[in-house]
Amino acid sequence: MEAPHDCAGVARIRSACFPSWPVTAEEMAAAEARRLPERLHVPWVAVDGCSIVGYGYVEEPGVAAQPGRLRIRVLVDPERRRRGAGRALYDALFERALEAGATELVTEARSDESDAHRFLLDRGFVEYHRRIENRLQLAAVYPAAVARAIDAHTDTFLASGIRIATYRQLQLAHADAPRRLYDLDAVLWVDVPFGLSGSVPTFEQYQVMELADPDFLPAATFVALDGDRWIGLGSLMSGPGFLMNSMTGVVREWRGRGLARWLKLHTLRYALERGAAEIRTFNDAVNDAILALNRSFGFTVATVELRYRKELE
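Residues numbered from 1 in each chain as written. Predicted model: local features only at pLDDT ≥ 70, side-chain atom pairs only at ≥ 80, totals over all residues. Heavy atoms only, no water.

J.: Which parts of the structure should I look at to understand the nonpolar core?
T.: Within soluble globular proteins, side chains that are nonpolar generally end up buried alongside one another. Membership of the largest hydrophobic core comes to 54 residues, with the highest contact counts inside it found for Leu 138, Leu 181, Val 223, Trp 230, Trp 254 and Leu 259. Once residues within four sequence positions are removed from consideration, Leu 138 is found in contact with Leu 268, Ala 271, Leu 272, Ala 276, Ala 277, Glu 278 and Ile 279. (Core = buried A, V, L, I, M, F, W, Y, C linked by side-chain atoms within 4.5 Å. Buried < 20%, exposed > 50% of the residue type's maximum accessible area, 1.4 Å probe, protein only. Contact = heavy atoms within 4.5 Å.)

Shown next, in the form of structure tokens:
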């Protein structure tokens, strides 16, 4: 793949494979320009004549990274499948993974993609985990009820001194706000039951991958504070026609006290005030606490993503 030359074709493939998560050529080009040079990412395209019919890549995972672990993904135009493009793409990327020293490959596919499951099983992959995409239609959420619930939680936490501020506000008060946000996010990610263990991005990588992301919303990133300590996070990112709840988490000693719900309420109020139609989020299937919290607000399951891994001899 050559950026930006191939970005329009790749965006078309990705949008056709995931119609509810469309991407433009401009967004693809911007994402490619922001890639970290020290992190392996090998993109590949399958071409029929002058048309891109498939796209794939081998890369170091963004989270749960370990030496030898690479993520591989193959996408083919739905109208051009079963003609060998996916097989050719996979074989080419598999060779690149071996050249890069891969000892383990990970990938994913939606639960309704039966052809993808057979493709992966035939190549030695085994399912190890499931993630659930949940969505909340905000037309069914009453702003007054959200406001009353925020007031009630504010009263509950008043004596403890716990308060919630936005990252935009905290940037004004703390010169090291980016580092503090990274430290909190890193602590929370360690406890996410992601199905695999591994390292999180460095602070320098986090600044490029997260804070410099054009979809990052400082005013929709809510931080719970215990005095000067950052103890909880509820964050939204912008998307095409929706908002993405990228994190809801609380440090261990403050869990089970309603703080995650209070943070979630702040994200709901933000979304309602901006006239958003929908909030989306991904949760691990084994994370009963966050799944129950989302269900209590009216989130419903949209898709289930199966995670696969393959050990290489």
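J.: Even after reading the chapter, I still don't get the side chain of Thr 221, so can you show me in this structure?
T.: With respect to the element layout, Thr 221 can be found in strand S7 (residues 216–226). We classify Thr 221 as buried; its relative accessible area is 2%. (Helix = DSSP H or I, 4+ residues; strand = E, 2+ residues; numbered from the N terminus.)

J.: Honestly, unusual backbone geometry in this entry has me stumped. Any pointers?
T.: Note on backbone geometry: most residues besides glycine have negative phi, and most peptide bonds are trans. Positive phi, close to 55 degrees, is recorded for Ala 64, a residue that is not glycine. By the element assignment, Ala 64 lies in the loop between strand S2 (51–59) and strand S3 (69–76). Given a relative accessible area of 9%, Ala 64 falls into the buried group. One non-glycine residue, Arg 82, lies in positive phi territory at about 65 degrees. Examined against the element boundaries, Arg 82 turns out to sit in the loop between S3 and helix H3 (85–99).

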